[in-house]
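# Structure at a glance
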Amino acid sequence: MEEDAGVIVVGGGVIGCAIAYHLARRGVPVTVVERRELAGEASGAAAGMLAPLAEAHAPGPFLDLCLASLSLFPSLAAELEAVTGIGIGYERTGILRVALSAEDEDALRERYRWQKGTGLPLEWLGGDMARELEPALSPRVRCAVLSPDEGQVDPQRLTMALAGAARAHGAHLLLSTPVAGILRRGRRILGVRLPSGLLRGGHVVVAAGPWTGRLLRGLGLYLATPPRRGQMLAYHARPVRHIVWGPDGYLVPKAGGVTYAGATVESVGFRRRTTARGLRRLAQMARGLVPALGHAEVASAWAGLRPGSPDGLPIIGPVPGWEGLTVATGHFRNGILLAPITGRLVAQRICGEGTDLPLGPFSPARFLD
Ligand code: FAD
Ligand code: GLY
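For the structure given in this document, a descriptive report is provided here. (Residues numbered from 1 in each chain as written. Chains lettered and ligands numbered in written order. Predicted model: local features only at pLDDT ≥ 70, side-chain atom pairs only at ≥ 80, totals over all residues. Heavy atoms only, no water.)

## With respect to the pairing of strand β9 (residues 181–185)
- As paired strands, β9 and strand β10 (residues 188–194) are joined by 5 bridges and run antiparallel to one another. Within β10, the residue paired with arginine 184 across the bridge is isoleucine 189. (Pairing = 2+ DSSP bridges. Helix = DSSP H or I, 4+ residues; strand = E, 2+ residues; numbered from the N terminus.)

Here it is as structure tokens:
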């Protein structure tokens, strides 16, 4: 066998890179193995929103995880820029969640009730007040909730900066290197199989997005990590300053005078391509929120495969009954938001430190007997 690679992280998406960063800055030897390029899958396709209140549907451990991760971004952004020179585009853009129908308004009001207890500042706005803030909003907007502390990053730059900082702290990155299988003796992990031979390491973290389930199958472990396709459009126009979150999709104003309109959520296997139908739906959603986008030039369109899980929650933590095997995937619509806390929790667990939050609710044990 080759020389010991330390902790081997399979996957150079935002989750694998965040884990490598947190391990490396603790002085743990770590090697990231990525079959293609960094951020080449969902992590490069994302909108980059940091939006705990948009996607957590109730108080509980998932919301706590999202809020804890949001709170890490200001110091992380500064730290990554100091170490790598890469700005991750962290902005408190603010999110305006809007209602277009009486039914949407009821749902928004219900969420506003419990969300006021989360500690994030929120303001209820009537339709006219929302249009005072964002004059391009449709006259159909009945009311809105303004959440000024939620925001965004550039997801590609975040992934690159995490990888760069991990490398600066001593991590090795092996790109264009597919992991063909995980090696074990009984239930003890020994390393991974690469095209060039074996890579030895006593701990493997599988952060391979929706491909995680396939890799684990080689060990006789059946964990569903289904891909959920998301299509996205970008316009050469920036008619809003805030992120606008509607009942059927969202608009994200980006640097360079561009606005993203996203996103579909589809179960179509590993087909990562856009469709005429998907893009038509996005264009309709965008016009419905901001009519001026009906006349804006489309800059580009793309799709990515979000890593799903059977209950829609992330799968983070050691695989019970195995020595040296950890999983970190299933972040579905929130992997960019959740990368900092996931990296921190996995590193804390591997280093035998107490974790900031309990990992129990996210343990792979809930799917593996
Ligand atoms: P991935 O990015 O898929 O990375 C996994 C990596 O593993 C890949 O690079 C892959 O090549 C590699 N890999 C797989 N198999 C192997 C192997 N055998 N050997 C070596 N490497 C392997 N989240 C947010 O928080 N905010 C958003 O606004 C947001 N918007 C989104 C919009 C869209 C359209 C999409 C598609 C997603 C969005 N997400 C968002 C979700 C977010 O992008 C994902 O949750 C996150 O990127 C998942 O990261 P990951 O590292 O787990 O997976
Ligand atoms: N979080 C936005 C998306 O997944 O589309």
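## Details of the site of ligand 1
- As a matter of local geometry, ligand 1 sits amid 39 residues, with Glu34, Arg35, Ser43, Met49 and Phe332 nearest to it.
- Taking alanine 42, its main chain carries an N or O atom lying 3.2 Å from an oxygen atom of ligand 1.
- A distance of 2.8 Å separates an oxygen atom of ligand 1 from a polar backbone atom of methionine 49.
- Burial of ligand 1 by the protein chains amounts to 98% of its free accessible area of 1,000 Å².
- Residue assignment for the shell around ligand 1 shows that the elements contributing at least two residues are α1 (14–25), α2 (42–45), β13 (227–235), β17 (298–307) and α10 (335–350).
- Here the shell around ligand 1 is built from residues that sort into 22 nonpolar, 12 polar and 5 charged. (Near = heavy atom within 4 Å. Polar contact = N/O pair within 3.5 Å; in protein donor to acceptor, adjacent residues only side chain to side chain. Areas by Shrake-Rupley, 256 points an atom, 1.4 Å probe, with all protein chains shown as cover. Nonpolar A, V, L, I, M, F, W, Y, C, P; charged D, E, K, R; others polar.)

## Some thoughts on the packing of aromatic side chains
- Counting across every chain of the model gives 5 aromatic pairs.
- Ring centres of tyrosine 112 and tryptophan 124 lie 5.4 Å apart, and the angle between their planes is 50 degrees; on these two criteria the pair is classed as tilted. With tyrosine 112 in helix α5 (residues 102–115) and tryptophan 124 in strand β5 (residues 123–126), this pair connects stretches of sequence that are 12 residues apart.
- Looking at tyrosine 112, the relative accessible area reads 17%, which means it is buried.
- Taking 5.4 Å as the distance between ring centres and 20 degrees as the angle between the ring planes, the aromatic pair formed by tryptophan 245 and tyrosine 250 counts as stacked. The same class applies to tryptophan 245 as to tyrosine 250, namely buried.
- Sitting above the plane of the tryptophan 211 ring, arginine 35 keeps its charged end 4.2 Å from the centroid.
- A cation over an aromatic ring shows up here: arginine 214 above the ring of phenylalanine 270, its NZ or CZ 4.3 Å from the ring centre. (Phe/Tyr/Trp six-rings, centres within 6.5 Å; stacked < 30°, edge-to-face > 60°. Buried < 20%, exposed > 50% of the residue type's maximum accessible area, 1.4 Å probe, protein only. Lys NZ or Arg CZ within 6 Å of the ring centre and 35° of its normal.)

## Thoughts on the sheet that holds strand β12 (residues 203–206)
- Reading across from one edge, β8-β2-β1-β12-β19-β18 is the order of the 6 strands in this open sheet, with mixed pairing throughout. Either end of the sheet is taken by a strand with one partner, and the two such strands are β8 (172–174) and β18 (315–318). Averaged over all neighbouring strand pairs, the angle between strand axes comes to 20 degrees, with direction disregarded.
- Strand direction decides the pairing type here: strand β1 (residues 7–10) and β12, joined by 4 bridges, are parallel. Residue pairing in the sheet places isoleucine 8 in a bridge with valine 204 of β12. (Axes fitted to C-alpha atoms, helices over the stretch in contact; angles between N-to-C directions.)

## Some words on the sheet that holds strand β4 (residues 95–99)
- The strand order across the open sheet built from 8 strands is β5-β6-β4-β14-β15-β16-β13-β17, with neighbouring strands paired in mixed fashion. A strand with exactly one partner marks an edge of an open sheet, and here the two such strands are β5 and β17. The sheet shows a mean angle of 20 degrees between the axes of neighbouring strands, direction not considered.
- As paired elements, β13 and β17 share 9 bridges and run antiparallel to each other. Paired with methionine 232 across the bridge in β17 is tryptophan 302.
- Here α5 sits on the sheet and contacts β4, β5 and β6 (143–147); the angle it forms with β4, its principal contact strand, is near 140 degrees. (Contact = heavy atoms within 4.5 Å.)

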